[in-house]
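Residue-level listing of the chains:
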Amino acid sequence: MKLYYTKNLNPRVALAAARYLKSPVEFVACSPQHPAHKEAFKALNPNARAPVLEENGKTLWETDAIVCRLSAIAKSDFWRVGDEQPDMIRWISWATHHLNRAADPLYFFRVVWPTFMSEAPPQEKLDEGLHNFVQHAVVLNDYLADRKWLVGGQLSYADFRAASALPFAAQAQIPLADFPNMQRWHNQLMELKAWRTPFAGL
Ligand SMILES: N[C@@H](CCC(=O)N[C@@H](CS)C(=O)NCC(=O)O)C(=O)O
């Protein structure tokens, strides 16, 4: 199996999961948006985005789907399949539609944009992202007040998904320190080598 990656946010989550699950995958660096590679890459993922999992000549794209597959291969409950599954899906969905969507402009304009643009990022997008992030972070921070992890008592993919932007917090100026329960939970995640350094050796 091959896991195609770039060093951006979503592939980072997929690689961290693959490392955590000790998945039997080969990590393959790619440049899906590079004009020289984009058309060819669309054969792997018509969206020309990473990550992509290639298995027996078939490809699977979307980070959540890839982690679902890797967890099944590992026979792990990292991707919950029992009674806790709806709770896990709740947090994955919420993170996608609320917290990560709010963090996205902070990540994009402060981490990705400076790698190819010299002009300043649009301040109104940053202000809007921060405003939305704070609103949603309050919900997560309250929920984590008396919980170690989001689903049940153990780590699950919901934690990786909801925390996807936080390893970039310093550079993206995400105000993590204003949310002490989130900060503690982020620190717990950073104790996991797979989450802290998913690109080690790559
Ligand atoms: N919804 C997709 C998003 C994939 C995506 O947006 N990937 C970005 C990186 S975060 C990408 O491939 N950008 C081009 C690049 O990294 O070169 C997922 O969850 O996997």
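Everything that follows concerns the structure shown earlier in this document.
Quick caveat, the model's predicted, so the values are computed rather than measured. Residue numbers restart at each chain and count upward from 1, following the sequence in its written direction. Given that the model is predicted, a residue must reach a pLDDT of at least 70 before its local features are reported, and side-chain atom pairs must reach 80 or more before they are shown or counted; all residues, however, enter totals for whole chains, interfaces and linings. Hydrogen atoms and water are omitted, and side-chain values are computed over all heavy atoms in the structure.

It is worth spelling out the packing of aromatic side chains at this point. In this analysis, rings of Phe, Tyr and Trp, with Trp reduced to its six-membered ring, are considered paired at centre separations within 6.5 Å, and the interplanar angle assigns stacked below 30 degrees, edge-to-face beyond 60, and tilted for intermediate values. For the structure on display, the rule yields 16 aromatic pairs. Relative to Phe-160, the ring of Tyr-20 lies with its centre 6.1 Å away and its plane at 65 degrees, an arrangement referred to as edge-to-face. You can see Tyr-20 sitting in helix α1 (residues 9-20) and its partner Phe-160 sitting in helix α6 (residues 157-162), a full 140 residues away along the chain. Look at Phe-78 and Tyr-157: their rings are 6.1 Å apart centre to centre, the planes differ by 70 degrees, and that puts the pair in the edge-to-face class. Placement of the pair is Phe-78 in the loop between α3 (63-73) and α4 (85-112) and Tyr-157 in helix α6, with a sequence separation of 79 residues. On the accessibility criterion, Phe-78 (1% relative accessible area) is buried. Note on exposure labels: buried denotes an accessible area under 20% of the residue type's maximum, exposed denotes more than 50%, and partly exposed covers the range between, all computed with a 1.4 Å probe on protein chains only. You can call Tyr-157 buried: its relative accessible area is 0%. Following the ring pairs from residue to residue traces out a cluster consisting of Tyr-20, Phe-78, Trp-79, Tyr-157, Phe-160 and Trp-195. Over the face of the ring belonging to Trp-195 we find Arg-12, whose NZ or CZ atom lies 4.9 Å from the ring centre. Two limits define a charge over a ring: the Lys NZ or Arg CZ must be within 6 Å of the ring centre, and within 35 degrees of the ring normal. Taking the ring centre of Tyr-143 as reference, the NZ or CZ of Arg-147 above it sits at 3.8 Å. In this description a helix means any DSSP run of H or I spanning at least four residues, a strand means any run of E spanning at least two, and both kinds are numbered starting from the N terminus.

Moving on, we get to the sheet that holds strand β3 (residues 52-55). Overall, mixed pairing links the four strands, which are arranged β2-β1-β3-β4 in an open sheet. Each having just a single partner strand, β2 (26-29) and β4 (58-61) make up the two edges of the open sheet. Each neighbouring strand pair of the sheet contributes to a mean axis angle of 25 degrees, computed without reference to strand direction. Each pair of strands is called paired provided DSSP finds at least two bridges between the two strands. In this structure, strand β1 (residues 2-5) lies alongside β3, joined through three bridges in antiparallel fashion. Across the sheet, the residue bridging to Leu-3 is Leu-53, located in β3. Contacts between residues were defined by any pair of non-hydrogen atoms, one from each residue, lying within 4.5 Å. Angles run from 0 to 180 degrees between N-to-C directions of axes, and those axes are lines fitted to C-alpha atoms, restricted for helices to the stretch in contact. Helix-sheet contacts for α1 involve β1 and β2, and the interaxial angle to β1 is about 150 degrees.

All right, on to the pattern of salt bridges then. Close approach of charged atoms allows side chains with opposite charge to pair. Salt bridges are identified by distance alone: a Lys or Arg side-chain nitrogen within 4 Å of an Asp or Glu carboxyl oxygen. This model, assessed by the stated rule, comprises six salt bridges. For the salt bridge of Arg-161 with Asp-64, the shortest nitrogen-to-oxygen distance reads 3.0 Å. One end of the pair, Arg-161, is in helix α6; the other, Asp-64, is in helix α3, with 97 residues separating them in the sequence. With relative accessibility at 8%, the residue Arg-161 sits in the buried group. Owing to a relative accessible area of 21%, Asp-64 belongs among the partly exposed residues under this scheme.

So, about α3. Buried within α3 we find Thr-63, Ile-66, Val-67, Leu-70 and Ser-71. Down the axis of α3, the buried set is contained in an arc of 130 degrees. They therefore lie on one face. Against β1, α1, β3, β4 and α6 lie the buried residues of α3. Looking one or two places after α3, you find Lys-75, whose phi comes out positive at around 50 degrees. In this context, the arc is that of the directions from the helix axis out to the C-beta atoms.

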